[in-house]
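# Understanding the architecture of this molecule
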Amino acid sequence: MGKRLMRKFVEQPLINPVQILKRQDAVEELCKDLIKRDRLMELLSNIYDLERLMTKVIYGSVSPRELKALSFTAQSLPEVKQELSTYQSSLLCDLNQRISNMEEIHNLIENAIIDEPPITMKEGGVIKPGFHQELDELREIRDNGKDYILQMEEKERERTGIKKLKINYNRVFGYYIEVTKSNL
């Protein structure tokens, strides 16, 4: 994340004297207090490349593990903001004001994504049970399909009054309801 920013600083140097002085003040403040700077560096080491992660989210190519990394970053941002609030430099104060806590994103990901997600979405099992009712119902059908078919068969028997109603399956028609000719 910092590599792109440093490249930008080199390729597009500041020419506005006010901005140059703000950056110099920030660098001076960071250099003066080694303990505070080390604490800030430690907190920033927990921040993943937000620009890259957000680009992947926008284009729909983010992996489950990258979503967890985004959540971890969002969880770390309040501490970074707290540390930045102890600085006096106008540039660092401005940066602190521009940083969002991303609390909603963190909560959504933590509530939706399992703790140890697979590498890719194709592997499945990414969403936590209980997060989405329809998904839970579909998982129940997938995992207990025979019981689901038996329950459906029993409901249809009760609804129609046909005691010999059966639900069967074949490769040509898929699932179908079978009744005797006398009940047609």
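Just above sits the structure.
On a predicted model such as this, the values are computed, not experimentally measured, just so you know. (Residues numbered from 1 in each chain as written. Predicted model: local features only at pLDDT ≥ 70, side-chain atom pairs only at ≥ 80, totals over all residues. Heavy atoms only, no water.)

## A word on the layout of surface pockets
The method is simple in principle: a probe with the dimensions of a water molecule rolls over the atoms, and the space it marks as empty is what remains. What counts here: Using protein atoms alone on a 1 Å grid, points that fit a 1.4 Å probe yet trap it form a cavity, whereas open point sets bounded by protein on both sides within 12 Å along at least five of seven lines form a pocket; residues with an atom within 4 Å of a point count as lining. Grid points are joined across faces, edges and corners, and a volume is the space filled by probe spheres set on the points. Runs of E in the DSSP output that reach at least two residues are strands. Runs of H or I that reach at least four are helices, and both are numbered from the N terminus. Three residue categories are used. Nonpolar comprises Ala, Val, Leu, Ile, Met, Phe, Trp, Tyr, Cys and Pro, charged comprises Asp, Glu, Lys and Arg, and polar comprises the others, including Gly.
Approximately 1400 Å³ is the volume attributed to the largest pocket. Lining the largest pocket are 32 residues; nearest its centre among them are Leu5, Phe9, Leu92, Leu95 and Arg98. Of all the secondary structure elements, the ones that give two or more residues to the lining of the largest pocket are α1 (2-11), α2 (17-32), α3 (34-44), α4 (50-59), α5 (64-84) and α6 (90-98). For the lining of the largest pocket, the element with the most residues is α2, which contributes 7 residues. Of the residues assigned to the lining of the largest pocket, the class counts are 21 nonpolar, 4 polar and 7 charged.

## So, the packing of aromatic side chains
Where we set the bar: For this analysis, a ring pair means two rings from Phe, Tyr or Trp (six-membered ring only for Trp) whose centres lie within 6.5 Å, classed as stacked if their planes differ by under 30 degrees, edge-to-face if by over 60, and tilted for the remaining angles. Three exposure classes are used, based on accessible area relative to the maximum for each residue type with a 1.4 Å probe and protein chains only: buried under 20%, partly exposed in between, and exposed over 50%. Definition used: whenever NZ (Lys) or CZ (Arg) falls within 6 Å of the ring centre and also within 35 degrees of the ring normal, the charge is taken to sit over that ring.
What the rule picks out here adds up to 2 aromatic pairs. Consider the rings of Tyr48 and Phe72, whose centres lie 6.2 Å apart with planes at 75°: the pair is edge-to-face. One end of the pair, Tyr48, is in the loop between α3 and α4; the other, Phe72, is in helix α5, with 24 residues separating them in the sequence. Aromatic pair Tyr169 and Tyr175: ring centres 4.8 Å apart, planes at 50°, arrangement tilted. By the burial criterion, Tyr169 is exposed, and Tyr175 matches it. Lying across the ring of Phe9, Arg23 places its NZ or CZ 3.7 Å from the centre. Over the ring of Tyr87 we find Lys36; its NZ or CZ atom is 4.2 Å from the centre of that ring.

## Thoughts on the nonpolar core
Formally: To qualify as a nonpolar core, a set must consist of buried Ala, Val, Leu, Ile, Met, Phe, Trp, Tyr and Cys residues joined through side-chain atoms within 4.5 Å. For this analysis, residues touch if any pair of their heavy atoms sits within 4.5 Å.
Leu70, Val80, Leu84, Met102 and Ile113 are the most contacted members of the largest nonpolar core, which has 21 residues in total. Looking at this core, the elements that each hand over two or more residues are α3, α4, α5 and α7 (103-112). The greatest single-element share of this core, amounting to 7 residues, is contributed by α5. When near neighbours in sequence (up to four residues on either side) are disregarded, Leu70 contacts Leu50, Leu53, Met54, Val57, Met102, Ile105 and Ile109.

## Here we look at the pattern of salt bridges
What counts, and what does not: Whenever Lys or Arg places a side-chain nitrogen within 4 Å of a carboxyl oxygen from Asp or Glu, that contact is recorded as a salt bridge.
Evaluation of the coordinates by the stated rule reveals 16 salt bridges. For Arg157, the salt bridge is made with Glu153, and the minimal N-O distance between the two is 2.8 Å. Within this pair, Arg157 and its partner Glu153 are both found in helix α9 (residues 145-160), separated by 4 residues, close to a single helical turn. The exposure class of Arg157 is partly exposed, given its relative accessible area of 23%. Given a relative accessible area of 10%, Glu153 falls into the buried group.

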